[in-house]
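# Reading the structure
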Amino acid sequence: MKAFRISGIALCMALLASCGQKKQEADSQTVALLDAAPIVKLAKVVEEPVNQLQTYSATIEGEVKNNIAPSNPARIKKINVEVGDQVRRGQILVEMDETNLSNQEMQLKNLETEFNRIDQLYKVGGVSQSEWESMKLQVEVATKSYQTLKENTRLESPIDGVVTSRNYDNGDLYGGQAILVVQKIAPVKLTINVSEQYFSRIKKGDKVTIELDAYPGETFTGDISLIYPTVESMTHTFPVEVTVSNRDQKMRPGMFARATLNLGVENHVVVPDISIVKRAGSGDRYVYVYEDGKVRFCKVELGQRLGDRYELVSGVPNGAMIVVTGQSKLADGKEVEIEK
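Structural notes, computed from the coordinates. (Residues numbered from 1 in each chain as written. Predicted model: local features only at pLDDT ≥ 70, side-chain atom pairs only at ≥ 80, totals over all residues. Heavy atoms only, no water.)

The next point concerns the pattern of salt bridges. Applying the stated criterion to the full structure yields 17 salt bridges. A salt bridge links Lys 123 to Asp 119; its shortest N-O distance comes to 3.4 Å. With Lys 123 and Asp 119 both in helix 2 (residues 99–123), this residue pair falls four residues apart, about one helical turn. The closest approach of N and O atoms between Asp 273 and Arg 305, which form a salt bridge, is 2.8 Å. Pair noted here: Asp 273 is in the loop between strand 13 (256–272) and strand 14 (277–278) and Arg 305 is in strand 16 (residues 294–306), with a separation of 32 residues, a long-range link. You can call Asp 273 partly exposed: its relative accessible area is 22%. Each of Glu 82, Arg 166 and Asp 169 takes part in salt bridges that share partners, so that together they form one network. (Salt bridge = Lys/Arg side-chain N within 4 Å of Asp/Glu carboxyl O. Helix = DSSP H or I, 4+ residues; strand = E, 2+ residues; numbered from the N terminus. Buried < 20%, exposed > 50% of the residue type's maximum accessible area, 1.4 Å probe, protein only.)

Dropping the structure here:
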């Protein structure tokens, strides 16, 4: 019985030794695999001429925007147009209560009658020159007051345009907000804020490509019409106005737009997008560059996306060999094997 127990113990020890040996072999194989140089695929990068396109967000505005309102509070008698109506310059859009205008007109007529009487007497020496001049001045003042009140009683459109807003109804008392808003929408304009580094590259008359969410797949062309002469110290940008003819009036004030400027051509390195690595915990982008059997981690500054490639503004020299597959097993300074 004792001999059986000894034999059993010996067997167990042998099995444990065998298992331990196999584990050591497996661990050795794992270490060998980890130490083995990763296999990567390389590509040579070269500089290419790349159009320097910059895209900015903006909102479409009417070239001219007029708030239609009287200078003094009054009752609104009648609004002659609705939102969306096309109006012409000089068209009467709003009629205000005419009570004050009628009183002013009556007062002016009385003064004109009195002046005519004084004028006849002055011609025959019946009144002095100072009396004649005083009455003449009263008529001139009353005439100007009547014209001003008339302009604020019958409100005209100062431009050809479209009614884009109405804030009152007939019979309302005007309270300070514009009764109507009229905008000129042919042409239209938009304002973009351009980085100061491009200040010397922007010229009046330069063409701008515009896209609207309202018309997917369609592009419009505008011209730079105004370049502000100063740079904002906080943002280091300067405003640029772009004008679009908008003859078909597809563009309407308030629409969201993306304006793209072509700032010339520069030679930059272009790399496949699959070569770009994002570092965990940051927004930085990197590329593995191959040199003398090893790879090194190179931080890059991305430019434009060009289909399945990226323009690099900096980070990788012209003619460098970069890794395009196998990056997941790499580290800075690691030896690699090149896929054949």
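Here the narrative resumes.
Counted at 1.5 Å a residue, the expected span for helix 3 (residues 129–151) with its 23 residues is 33 Å, and the 33 Å between its end C-alpha atoms agrees. When we look at burial in helix 3, the residues that qualify are Trp 132, Met 135, Val 139, Ala 142 and Tyr 146. (Expected span 1.5 Å × (residues − 1).)

Quick look at the side chain of Asn 152 now. Along the polypeptide, Asn 152 turns up in the loop between helix 3 and strand 7 (154–156). Residue class for Asn 152 comes out buried when judged on its relative accessible area of 17%. In this structure the side chain of Asn 152 is engaged in a polar contact, spanning 2.8 Å, whose partner is the backbone oxygen of Thr 148. Beyond its immediate stretch of four places on either side in the chain, Asn 152 contacts Ala 69, Pro 70, Ser 71 and Met 96. (Polar contact = N/O pair within 3.5 Å; in protein donor to acceptor, adjacent residues only side chain to side chain. Contact = heavy atoms within 4.5 Å.)

A few words now on the packing of helix 2 against helix 3. Between helix 2 and helix 3, the shortest axis-to-axis distance is 9 Å and the interhelical angle comes to 160 degrees. Relative to helix 3, the element helix 2 is oriented roughly antiparallel. Between helix 2 and helix 3 lies a crossing whose hand is left-handed. Considered class by class, the residues forming the contact of helix 2 with helix 3 number twelve nonpolar, six polar and seven charged. (Axes fitted to C-alpha atoms, helices over the stretch in contact; angles between N-to-C directions. Parallel < 35°, antiparallel > 145°, perpendicular 65-115°, else oblique. Left-handed = near helix turned anticlockwise from the far one by under 90°. Nonpolar A, V, L, I, M, F, W, Y, C, P; charged D, E, K, R; others polar.)

Right, let's talk about the packing of aromatic side chains for a bit. The tally for this structure, following the rule as stated, stands at seven aromatic pairs. Aromatic pair Phe 115 and Trp 132: ring centres 5.8 Å apart, planes at 45 degrees, arrangement tilted. Separated by 17 residues along the polypeptide, Phe 115 in helix 2 and Trp 132 in helix 3 bring together distant segments of the chain. On the basis of relative accessibility, which here comes to 17%, the residue Phe 115 falls in the buried class. Ring centres of Tyr 288 and Phe 297 lie 4.8 Å apart, and the angle between their planes is 35 degrees; on these two criteria the pair is classed as tilted. Exposure remark for Tyr 288: the relative accessible area of 5% places this residue in the buried category. Taking the relative accessible area as the measure of exposure, Phe 297 reaches 22% and is therefore partly exposed. Within the aromatic cluster, the residues linked to one another by ring pairs are Phe 115, Tyr 122 and Trp 132. The ring of Tyr 215 carries the charged tip of Lys 250 above its face, separated from the ring centre by 5.3 Å. (Phe/Tyr/Trp six-rings, centres within 6.5 Å; stacked < 30°, edge-to-face > 60°. Lys NZ or Arg CZ within 6 Å of the ring centre and 35° of its normal.)

Turning next to the nonpolar core. In this structure, Leu 190, Ile 192, Val 194, Ile 210, Met 251 and Leu 261 are the most contacted members of the largest nonpolar core, which totals 25 residues. Listing elements by their share of this core, those giving two or more residues are strand 2 (46–59), strand 9 (180–195), strand 10 (207–212), strand 11 (219–227), strand 12 (237–244) and strand 13. With five residues, strand 9 is the largest single contributor of residues to this core. Sequence-distant contacts of Met 251, that is, excluding residues within four places in its chain, are made with Ile 60, Val 188, Ile 210, Leu 212, Phe 220, Val 244 and Asn 246. Ranked by size, the runner-up nonpolar core spans 16 residues in total, among them Ile 76, Leu 93, Val 94 and Tyr 168. (Core = buried A, V, L, I, M, F, W, Y, C linked by side-chain atoms within 4.5 Å.)

So, about unusual backbone geometry. In the segment running from Ala 186 into Pro 187, the intervening peptide bond is cis, with an omega of 10 degrees. By the secondary structure assignment, Pro 187 is in strand 9. The phi dihedral of His 236 is positive, around 55 degrees, even though this residue is not glycine. Tracing the backbone through its elements, the reader meets His 236 in the loop between strand 11 and strand 12. His 236 gets classed as partly exposed once you look at its relative accessible area, which sits at 42%. Backbone geometry places Asn 246, a non-glycine residue, at a positive phi of 55 degrees. For Asn 246, the position within the fold is in the loop between strand 12 and strand 13. Residue class for Asn 246 comes out buried when judged on its relative accessible area of 3%.

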